[in-house]
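Next come the chains, spelled out residue by residue.
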Amino acid sequence: MDQTGVIAAAKAEPRFSDIIYEKIVGMIADGRFPVNERLPSEPNLAIMLGASRPVVREALERLRADQLIVSRKGSGSYVRQRPDSSVLKQVPVGSLADVQRFFEFRAGLEAEAAELAARNWQVNDKIRITAALTALEHCLQVGELGAEEDQALHDAIAAATGNQFHVTVRDWFRPHFAIGMSVTRSLSLKRTPLHVRHVQDEHTAIVEAILARREAEAHDAMKTHILNARARMFQGVGG
């Protein structure tokens with residue numbers, strides 16, 4: 001598939017289950033389904049949302065995977081955490097599920113990139129990675145969003161792999177990378193300074209492992225960072 005085909009596939013119309021998923025996320029975010037309270041039954045949700053039971057079931061499975069709800073045997077599904085309502089305002093309608101899926105894709109892709117970067121970086125790569133981390137630290141210190149600086153760090157790591165396909169994939173899917181980073185960083189700024197510092201510490205751990213050529217450690221640090229970023233999208237209000 002060429003670049004045009006890849007982008008077209010990425011922009012495909014959302015599935016109905018994704019739309020239902022997003023509606024339920026919104027109802028949790030605005031408090032209609034409170035934390036620790038039981039969700040309506042699957043048949044009742046189907047009636048409420050104008051969807052079939054299989055579609056609702058698929059949406060609920062996704063919500064469980066995203067740790068927004070939890071099932072209790074013989075009792076039903078309960079709200080586990082309430083995301084910040086601003087999440088829904090920062091992504092195109094119907095695309096929230098795809099944003100989460102893209103984090104899953106990134107976890108594997110970027111973990112491999114970090115491992116390769118640890119093996120293959122050259123002096124110019126080290127300079128670029130270090131500069132990007134420093135720029136991100138500056139954003140933290142002055143309270144700026146830092147989404148572009150975050151992108152620059154991950155771009156530098158992709159370039160350090162020595163494999164042009166890691167760079168190409170980032171170029172092809174740049175809008176998808178940008179949305180995820182913008183959402184997670186803007187949510188981080190709304191939380192405590194300790195929370196923001198923890199995110200930056202994840203970046204520092206990745207860079208330190210890469211520059212020390214600790215390949216497995218770089219792989220694991222990056223995978224942990226991406227999966228944590230995914231979880232932070234839905235971290236409870238005030239978390």
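Residues numbered from 1 in each chain as written. Predicted model: local features only at pLDDT ≥ 70, side-chain atom pairs only at ≥ 80, totals over all residues. Heavy atoms only, no water.

Right, let's get into the overall build of the protein chain. Of regular secondary structure, the protein chain possesses 12 helices and 2 strands. For the protein chain, the succession of helices and strands along the chain, N to C, is α-α-α-α-β-β-α-α-α-α-α-α-α-α. Every one of the 239 residues in the protein chain was classed for burial, and the buried ones make up 46%. Long-range pairs, those at least 24 residues apart, make up 75% of the contacts in the protein chain with a sequence separation of at least 6. Approximately 11,700 Å² of the protein chain is accessible, and the part contributed by carbon and sulfur atoms is 56%. (Helix = DSSP H or I, 4+ residues; strand = E, 2+ residues; numbered from the N terminus. Buried < 20%, exposed > 50% of the residue type's maximum accessible area, 1.4 Å probe, protein only. Contact = heavy atoms within 4.5 Å. Areas by Shrake-Rupley, 256 points an atom, 1.4 Å probe, with all protein chains shown as cover.)

All told, the structure shown has 23 salt bridges when counted by the stated rule. Of the charged contacts, one joins R62 and D66 as a salt bridge, the two residues approaching to 3.9 Å between their closest N and O atoms. The pair R62 / D66 is uniform in exposure class, with both members buried. When salt bridges that share partners are traced, they join R106, E110, D155, R170, D171 and R174 into one network. (Salt bridge = Lys/Arg side-chain N within 4 Å of Asp/Glu carboxyl O.)

Moving on to the packing of aromatic side chains. Throughout the structure, instances matching the rule amount to 4 aromatic pairs. Their ring planes at 75° and their centres at 4.9 Å tell us that F102 and F177 sit as a pair that is edge-to-face. Highlighted residues: F102 in helix α6 (residues 96-120) and F177 in helix α10 (residues 174-189), separated in sequence by 75 residues. The exposure class of F177 is buried, given its relative accessible area of 0%. The rings of F102, F105, F173 and F177 are connected pair by pair, giving a single aromatic cluster. (Phe/Tyr/Trp six-rings, centres within 6.5 Å; stacked < 30°, edge-to-face > 60°.)

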